[in-house]
Amino acid sequence: MIKPNASIVVLTGAGMSAESGVPTFRGVDGLWEGHRIEDVASPEGFARDPELVHRFYNLRRAALNTVEPNAGHVALARLEREWRGRFLLVTQNVDDLHERAGSEKLIHMHGELRKARCECCDAVFAWTKDLDSGTRCRACGEIGGMRPHIVWFGEFPFEMETIMGALKRADLFLCIGTSGVVYPAAGFAQIAAERPGCHLIEMNLESTAISRQFDEHIIGPVAVELPKLVEQLLAA
Ligand code: OAD
């Protein structure tokens, strides 16, 4: 039983947006839309072939225009609005479907497709168009430094201190649609579990690399299961 003023931390992964039509990462062939991960999601890959990396993220950014939040995103926004205790939503997703559904207490720990950053001056911009190696920074005027505001392998995720603080006082940790193989996010369940009395729920289509760390498993699609869970939490 979760107390009505409990502190909730939610972690979402690619499975959250799958029913909206955003592809998940780990296909059976280990490729992301035909590319090796290290070619399109590492600083080394970007240095080697910036145009390939820009094309990859330009396509994914443009694809956001064709998708909408699903009932799971809407349910999480409702939970945030109506919950009386503390609430934090941490997403590994770089799409903007949580905010479009109305979520506000939200951390994009792996960055955002609809933002771009200048490596020369660190300015971050809202960005909906394409990027390429000739894009000029609107802040410092340099050409060649603009990149997607995405955390690549070997880079440090955003806002880790805030996330760690919230996990350490969580009464409920809800882990949704993530395969649990990419750290540090894959270690969040273990941190939450160290708090006495914290209840851990995993929601996924299948069991994952971290399933055994959870007290409760909800097996099923988020657009179906999450509205039901939110209803139960708010009714308690
Ligand atoms: P993955 O693609 O590794 O895993 C997606 C998970 O969602 C799998 O466990 C699926 O079983 C589950 N799933 C798929 N559809 C679902 C649905 N409708 N309902 C419930 N579950 C569903 O994606 P992530 O775990 O998010 O990092 O990947 C983590 C990180 O790896 C990403 O943020 C990305 C990537 O490298 C960076 O870009 C830095």
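In this text the structure is predicted, and so the values were computed from the model without any measurement.

Brief notes about the domain arrangement of the protein chain
- Here the protein chain is described as being made up of domain 1 (8-21 + 69-110 + 157-235) and domain 2 (23-66 + 111-150).
- Measuring from the centre of the C-alpha atoms in domain 1 to the corresponding centre in domain 2 gives 25 Å.
- Across the boundary between the two partners, domain 1 contributes 17 residues, which contact 13 residues of domain 2.
- Summing the contributions of domain 1 and of domain 2, the shared interface buries around 1,100 Å²; its carbon and sulfur component is 58%.

Structural notes on the site of the ligand
- In the region of the ligand, 23 residues are neighbours, and F25, R26, T178, S179 and N204 sit closest.
- In the environment of the ligand, an oxygen atom lies 3.2 Å from a nitrogen or oxygen atom belonging to the backbone of Q92.
- For the ligand, a nitrogen atom lies 3.1 Å from a polar atom in the backbone of V222.
- Classifying every residue of the shell around the ligand by side-chain character gives 10 nonpolar, 10 polar and 3 charged.

Details of the pattern of salt bridges
- In this structure the tally under the stated criterion is 12 salt bridges.
- The residue R78 makes a salt bridge to E82 at a minimum N-O spacing of 3.2 Å. One end of the pair is R78 and the other is E82, both in helix α5 (residues 71-82) and 4 residues apart, which spans about a single turn.
- Take R78: its relative accessible area is 25%, and that puts it in the partly exposed class.

Concerning the environment of Q92
- Along the chain, Q92 falls in the loop between β2 (87-91) and α6 (97-101).
- C-alpha separation for the pair Q92 and E112, spaced 20 residues apart in sequence, amounts to 9.4 Å.
- Sequence-distant contacts of Q92, that is, excluding residues within four places in its chain, are made with L11, T12, G13, M109, H110, T178, V182 and A185.

Considerations on the packing of α5 against helix α9 (residues 222-235)
- As a packed pair, α5 and α9 sit with axes 7 Å apart at the nearest point and diverge in direction by 15°. With respect to their mutual orientation, α5 and α9 come out roughly parallel. As α5 runs across α9, the sense of the crossing is left-handed. On α9, the residues touching A71, G72, A75, L76, R78, L79 and E82 of α5 are V222, A223, L226, P227, V230, E231, L233 and L234.
- For the contact of α5 with α9, the residue count by class is 11 nonpolar, 1 polar and 3 charged.

Some details on the state of the cysteines
- Overall, the coordinates contain 0 disulfides when judged by the stated rule.
- C175 takes part in no disulfide bond, and the closest cysteine sulfur, belonging to C198, lies 12 Å away.
- Looking at C175, the relative accessible area reads 2%, which means it is buried.
- For C198, a relative accessible area of 9% corresponds to the buried category.

Examining the nonpolar core
- Counting 23 residues, the largest nonpolar core has V10, L76, L79, I176, L226 and L229 as its most contacted members.
- Every residue in contact with L226, bar those within four places of it in the chain, is listed here: M16, G72, A75, L76, L174, I176 and M203.
- Counting residues in each nonpolar core, the second largest holds 21 residues, with V90, A189, L200 and F214 among its members.

About the thresholds
Residues numbered from 1 in each chain as written. Predicted model: local features only at pLDDT ≥ 70, side-chain atom pairs only at ≥ 80, totals over all residues. Heavy atoms only, no water. Domains from an automatic or database assignment. Contact = heavy atoms within 4.5 Å. Buried area = accessible area lost by both parts, 1.4 Å probe. Near = heavy atom within 4 Å. Polar contact = N/O pair within 3.5 Å; in protein donor to acceptor, adjacent residues only side chain to side chain. Nonpolar A, V, L, I, M, F, W, Y, C, P; charged D, E, K, R; others polar. Salt bridge = Lys/Arg side-chain N within 4 Å of Asp/Glu carboxyl O. Helix = DSSP H or I, 4+ residues; strand = E, 2+ residues; numbered from the N terminus. Buried < 20%, exposed > 50% of the residue type's maximum accessible area, 1.4 Å probe, protein only. Axes fitted to C-alpha atoms, helices over the stretch in contact; angles between N-to-C directions. Parallel < 35°, antiparallel > 145°, perpendicular 65-115°, else oblique. Left-handed = near helix turned anticlockwise from the far one by under 90°. Disulfide = S-S within 2.5 Å. Core = buried A, V, L, I, M, F, W, Y, C linked by side-chain atoms within 4.5 Å.

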